[in-house]
Amino acid sequence: KSRHLFGKLKIEVLDASGKVVDSLPASKRPGLNRVTWSMHEKPPRVPPAAQVASAGTTGPRVLPGTYTVRMTKNDKPYEMKLAVGLDRRDKFSEADRKAQYDAAQKVKALFEDESALMDRILVLRAGLAKSEQGLASDETTGKAVSDFDGKVDAVRKQIVATTEGGAITGEERLREHTDQLYGAILSYEGKPADYQIARIDSLRRELADAAKDFEGLLTNELPKLNDQLKAKGQPAIE
């Protein structure tokens with residue numbers, strides 16, 4: 001009769017530093033309830049593209065250690081400790097497992113930075129599309145906006161594939177290569193190979209090149225385009 005019926009019943013998992021690493025759905029049904037923790041962190045934020053980033057839908061598995069399971073009922077917490085260890089059948093050490101986790105985090109950060117650059121590109125292209133619609137009667141200025149949009153889209157195509165079909169089409173870009181590397185690292189929880197670590201740095205340089213191209217367009221060409229728009233009484237593109 002005193003079981004939890006109203007309000008949120010929350011179950012969280014915290015690491016040794018007190019950081020919440022996962023929140024789990026808790027049932028209010030009578031009797032015994034089972035809650036499963038996948039022991040995976042949240043997946044990375046992946047740039048939108050024409051193809052699915054299959055590996056990017058999974059987060060890295062947490063490291064071995066002591067975690068706290070905290071259930072909060074009516075603002076009152078109940079806690080217990082939970083030890084997470086390596087599978088006894090594993091042939092690698094905790095140090096190897098830590099190296100794998102660190103590598104996965106680097107690729108996850110790469111995904112996040114790709115997404116941040118893609119956000120800026122999509123916002124800019126939306127502004128260009130709106131401006132082009134307002135210039136339907138001005139062919140010259142409209143073409144200038146269209147040409148600039150083509151250059152921005154060329155940077156987008158450095159980051160993501162724009163054709164469906166994946167490897168079948170032969171179109172694989174930075175995002176797809178990042179996803180392949182991420183999947184390879186997650187598939188084995190031992191120490192990553194040296195070439196995989198080197199590949200992270202290589203993809204990071206590719207992203208830096210794309211970001212440099214984008215910044216060049218913003219710095220060198222967008223002000224000139226905005227001057228043209230201003231002369232036509234049109235708002236500047238942010």
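Residues numbered from 1 in each chain as written. Predicted model: local features only at pLDDT ≥ 70, side-chain atom pairs only at ≥ 80, totals over all residues. Heavy atoms only, no water.

*Asks:* When you look at the overall build of the protein in this model, what are you seeing that I'm missing?
*Replies:* Within the protein, the secondary structure is distributed over four helices and four strands. Reading the secondary structure of the protein in the N-to-C direction produces β-β-β-β-α-α-α-α. Over its C-alpha trace the protein gives a radius of gyration of 24 Å, far above what one expects of a compact globule, namely 18 Å for 238 residues. Its C-alpha atoms give the protein principal-axis dimensions of about 75 × 50 × 35 Å. Burial statistics for the protein: of 238 residues in total, 36% are counted as buried. Within the protein, contacts between residues separated by at least 24 positions form 64% of all contacts whose residues are at least 6 apart in sequence. Of the roughly 14400 Å² of accessible surface on the protein, 52% is carried by carbon and sulfur atoms. In the protein, 39 positive and 36 negative side-chain charges are present, and the distance between their average locations comes to 9 Å. (Helix = DSSP H or I, 4+ residues; strand = E, 2+ residues; numbered from the N terminus. Rg over C-alpha atoms; globule rule 2.2 N^0.38 Å. Buried < 20%, exposed > 50% of the residue type's maximum accessible area, 1.4 Å probe, protein only. Contact = heavy atoms within 4.5 Å. Areas by Shrake-Rupley, 256 points an atom, 1.4 Å probe, with all protein chains shown as cover. Lys, Arg positive; Asp, Glu negative; His and termini not counted. Charge placed at Lys NZ, Arg CZ, Asp CG, Glu CD.)

*Asks:* Would you explain unusual backbone geometry in this entry?
*Replies:* Negative phi values dominate among residues other than glycine, just as trans dominates among peptide bonds. The phi dihedral of Met-39 is positive, around 65 degrees, even though this residue is not glycine. As for its placement among the helices and strands, Met-39 is situated in the loop between β2 (20–24) and β3 (65–73). Relative accessible area serves as the criterion here: at 28%, Met-39 is assigned to the partly exposed category.

*Asks:* Is there a simple way to think about the nonpolar core in this case?
*Replies:* For soluble globular proteins, the rule of thumb is that nonpolar side chains tend to be buried together. Judged by nonpolar contacts, the single largest core of 33 residues is most densely connected at Leu-124, Leu-128, Phe-148, Val-152 and Leu-225. Going through the elements one at a time, α1 (94–133), α2 (139–159), α3 (174–187) and α4 (194–231) are the ones with two or more residues in this core. In terms of residues, this core owes the most to one element, α1, which gives 10 residues. Within the second largest apolar cluster, 10 residues are counted, among which are Ile-11, Val-62, Tyr-67 and Tyr-101. (Core = buried A, V, L, I, M, F, W, Y, C linked by side-chain atoms within 4.5 Å.)

*Asks:* Which parts of the structure should I look at to understand the pairing of strand β1 (residues 9–14)?
*Replies:* On any regular strand, side chains alternate: one points to one face of the sheet, the next to the other face. With five of six residues buried, β1 lies mostly within the body of the structure. With four bridges joining them, β1 and β2 adopt antiparallel strand pairing. Bridging across to β2, Val-13 finds its partner in Asp-22. (Pairing = 2+ DSSP bridges.)

*Asks:* Explanation requested: the pattern of salt bridges in the structure shown.
*Replies:* Side chains carrying opposite charge are able to pair once their charged atoms draw close together. Taken as a whole, this structure holds 20 salt bridges when the rule is applied. Residue Arg-204 pairs with Asp-113 through a salt bridge whose shortest N-O separation is 2.5 Å. Of the two residues, Arg-204 is situated in helix α4 and Asp-113 in helix α1; the sequence distance between them amounts to 91 residues. When its relative accessible area of 36% is taken as the criterion, Asp-113 is described as partly exposed. Notably, a salt bridge pairs Arg-125 with Asp-153, separated by 3.2 Å at the nearest N-O pair. Remark: Asp-153 occurs in helix α2 and Arg-125 occurs in helix α1; sequence separation between them is 28 residues. Here Arg-125 falls in the partly exposed class, since its relative accessible area comes to 22%. (Salt bridge = Lys/Arg side-chain N within 4 Å of Asp/Glu carboxyl O.)

*Asks:* What should I look at first to understand the side chain of Asp-149 in this one?
*Replies:* Within the secondary structure, Asp-149 is located in helix α2. Asp-149 gets classed as buried once you look at its relative accessible area, which sits at 15%. With residues up to four places along the chain from it excluded, the contact list for Asp-149 reads Arg-125 and Leu-128.

*Asks:* Explanation requested: α3 in the structure shown.
*Replies:* Helical periodicity: at 3.6 residues per turn, an α-helix aligns residues three or four positions apart in one direction. Its 14 residues place the ends of α3 20 Å apart at the C-alpha level, agreeing with the 20 Å of an ideal helix rising 1.5 Å per residue. Among the residues of α3, those classed as buried are Leu-174, Arg-175, Glu-176, Thr-178, Asp-179, Leu-181, Tyr-182 and Ile-185. Each element contacted by the buried residues of α3 is listed here: α1, α2 and α4. (Expected span 1.5 Å × (residues − 1).)

*Asks:* Explain the side chain of Thr-72 here, please?
*Replies:* Here Thr-72 shows up in strand β3. For Thr-72, a relative accessible area of 15% translates into the label buried. Contact partners of Thr-72, with chain neighbours within four places excluded, come to Lys-8, Leu-9, Lys-10, Glu-12 and Pro-77.

*Asks:* Looking at this structure, how should I read the environment of Tyr-188?
*Replies:* By the secondary structure assignment, Tyr-188 is in the loop between α3 and α4. Judged by relative accessible area, Tyr-188 falls into the partly exposed class, the value being 47%. In this structure, the C-alpha to C-alpha distance between Tyr-188 and Gln-100, residues 88 residues apart in sequence, is 8.0 Å. When residues no more than four places from it in sequence are discounted, the contact partners of Tyr-188 are Phe-92 and Gln-100.

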